[in-house]
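Tertiary structure, described
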Amino acid sequence: MQQVRNVKAMQRWALGMKKNGTTVALVPTMGYLHPGHTSLIQRARRKVGNEGKVVVSIYVNPTQFGPNEDFGAYPRDLKRDLDICRKEGVDVVFLPDDASMYPGKDSGHFSTYVEESQLSQSMEGGTRPTHFKGVTTIVTKLFMLTLPEFAVFGAKDYQQSAIIRRMTKDLNLPVRIIVAPTVREPDGLAMSSRNAYLTPEQRAQATILIDILKAAKRKVQASSSQTGLKTVTLKKQLEQAIQRCPLARLDYIAFFDPDTLDPLSTVRQGSHMALAVYFGTTRLIDNIRL
Ligand code: AMP
C-alpha cells in the first residue's frame, strides 16, 4: 500500500493510471475509520475489480467546519487508519496537508471555492451555513488530484451525496458517484467518527435517532398511499417523542423529495426524512427513505 502526501505526486500517479487505462475509485474520508468507511472501500473495490486501484483520502478538511465547531477536537488515529486500509487491500492512501490543499490561505491568498447554491441551503446547510461550500470545494480538489472514474460516498450523509451528485452533473465532472447504504451499530445507531464524543449515558440515548426514523416509517407505511400524512402533524408527534428523551435536543427534522430535496407538506412512501439531534455539544445526523 502506497502512502502519498504530496499533491503533485498524487496527480502524477493519477495521470499515469489514466494513461495506462487503469480504473480508479476514490473514497474520500476524514479518517478515524469505522465499518461505515470500510463498506465504502469494499464497494470501491467491487467497482474496479482486482485490476483497478482504490484510493482512500484521509483529510480533516478545515473549510467544512464552522468557527465554533469541532475541527480541533475531531478524532484522529492515523496508525489505526493505515492498518485498516492495509487490511482492506487499499492501493493508495492520500494524506495531503493544509498547506498543499489550501496554498496561500494563511496569508489570505486562497480565493477559489466551489459552491452549490440550491440543495445546500436547507437542513445541514441551515445549521452549518459554510459547511457544504467546504465539502464541494474539497471533493472537487480530490477529484482533480486522483482522477477517479468512481467516487463512493455514504448514504449516512444523504444531503451531502445529493449535493455531490448535483455538482458532478452541473460541472460535467467525469466521475460516477456511488452512494452506499448506512452501516449501523447492533442497536441501530448510525456509525460515525463523532460517536466517540458521546458519554455512556448519551450513547445509550442516541438510539432515539433511529427509533424516531423507524416510527415515522411505520406511520407512513400504515397511511393511505393516496392521501399520505400531513408533515406538520407527523413532525409534532416526533418532536414530542424526542422531548421525552432527557439528553437529546432536536436541531431539525425534515421531510423532503429524495432527488430535489424540496420540502414536502405531505409525506408518502418513498419520501425522505432526515434529522439532526444534539447530545451536549455532539451533533448526530441520520436519515431514512420512508
Ligand atoms: P467522514 O469521514 O465522516 O467524512 O465520512 C466519509 C464518508 O464515509 C462519507 O461519504 C460518509 O457519508 C461515509 N460514512 C460515514 N459514516 C457512515 C456509515 N455509518 N455508513 C456508511 N457510510 C458512512
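Given the structure is predicted, the values throughout are model-derived calculations rather than measurements.

**Describing the site of the ligand**
Close to the ligand lie 17 residues; H37, G154, D157, V183 and M191 are nearest. For the ligand, an oxygen atom lies 2.9 Å from a polar atom in the backbone of G154. In this structure, D157 approaches the ligand through a side-chain N or O atom, which is 2.6 Å from an oxygen atom. For the ligand, whose accessible area on its own is 490 Å², the fraction buried by protein is 92%.

**Looking at the pattern of salt bridges**
For the structure on display, the rule yields 10 salt bridges. Of the charged contacts, one joins D83 and K79 as a salt bridge, the two residues approaching to 3.5 Å between their closest N and O atoms. Here the residue D83 and the residue K79 both occupy positions in helix α3 (residues 78-87), the gap between them amounting to four residues, near one helical turn. The class of K79 is exposed, set by a relative accessible area of 61%.

**Thoughts on the packing of aromatic side chains**
Describing an aromatic ring pair means giving the distance of the ring centres and the angle of the ring planes. By the definition in use, this model includes five aromatic pairs. Consider the rings of Y102 and F110, whose centres lie 5.1 Å apart with planes at 75°: the pair is edge-to-face. By relative accessible area, which is 4% here, Y102 ends up buried. Measuring from ring centre to ring centre gives 6.0 Å for Y158 and F256, while their planes differ by 45°; the resulting arrangement is tilted. A residue pair is termed long-range when its members are at least 10 positions apart, and Y158 in helix α7 (residues 158-170) and F256 in strand β8 (residues 248-256) qualify at 98 residues. The pair Y158 / F256 is uniform in exposure class, with both members buried.

**Quick look at the pairing of strand β5 (residues 150-154)**
Burial of β5 is extensive: five of the five residues sit out of reach of the surface. Of the two faces of β5, the one holding F150, V152 and G154 and the one holding A151 and F153 are both buried throughout. Pairing between strand β2 (residues 24-29) and β5: two bridges, direction parallel. From the neighbouring strand, L26 faces β5, where its bridge partner is A151. In terms of strand pairing, β5 meets strand β6 (residues 176-180) through five bridges, oriented parallel. Its bridge partner lying in β6, F150 is registered against R176.

How each quantity is defined
- Residues numbered from 1 in each chain as written.
- Predicted model: local features only at pLDDT ≥ 70, side-chain atom pairs only at ≥ 80, totals over all residues.
- Heavy atoms only, no water.
- Near = heavy atom within 4 Å.
- Polar contact = N/O pair within 3.5 Å; in protein donor to acceptor, adjacent residues only side chain to side chain.
- Areas by Shrake-Rupley, 256 points an atom, 1.4 Å probe, with all protein chains shown as cover.
- Salt bridge = Lys/Arg side-chain N within 4 Å of Asp/Glu carboxyl O.
- Helix = DSSP H or I, 4+ residues; strand = E, 2+ residues; numbered from the N terminus.
- Buried < 20%, exposed > 50% of the residue type's maximum accessible area, 1.4 Å probe, protein only.
- Phe/Tyr/Trp six-rings, centres within 6.5 Å; stacked < 30°, edge-to-face > 60°.
- Pairing = 2+ DSSP bridges.

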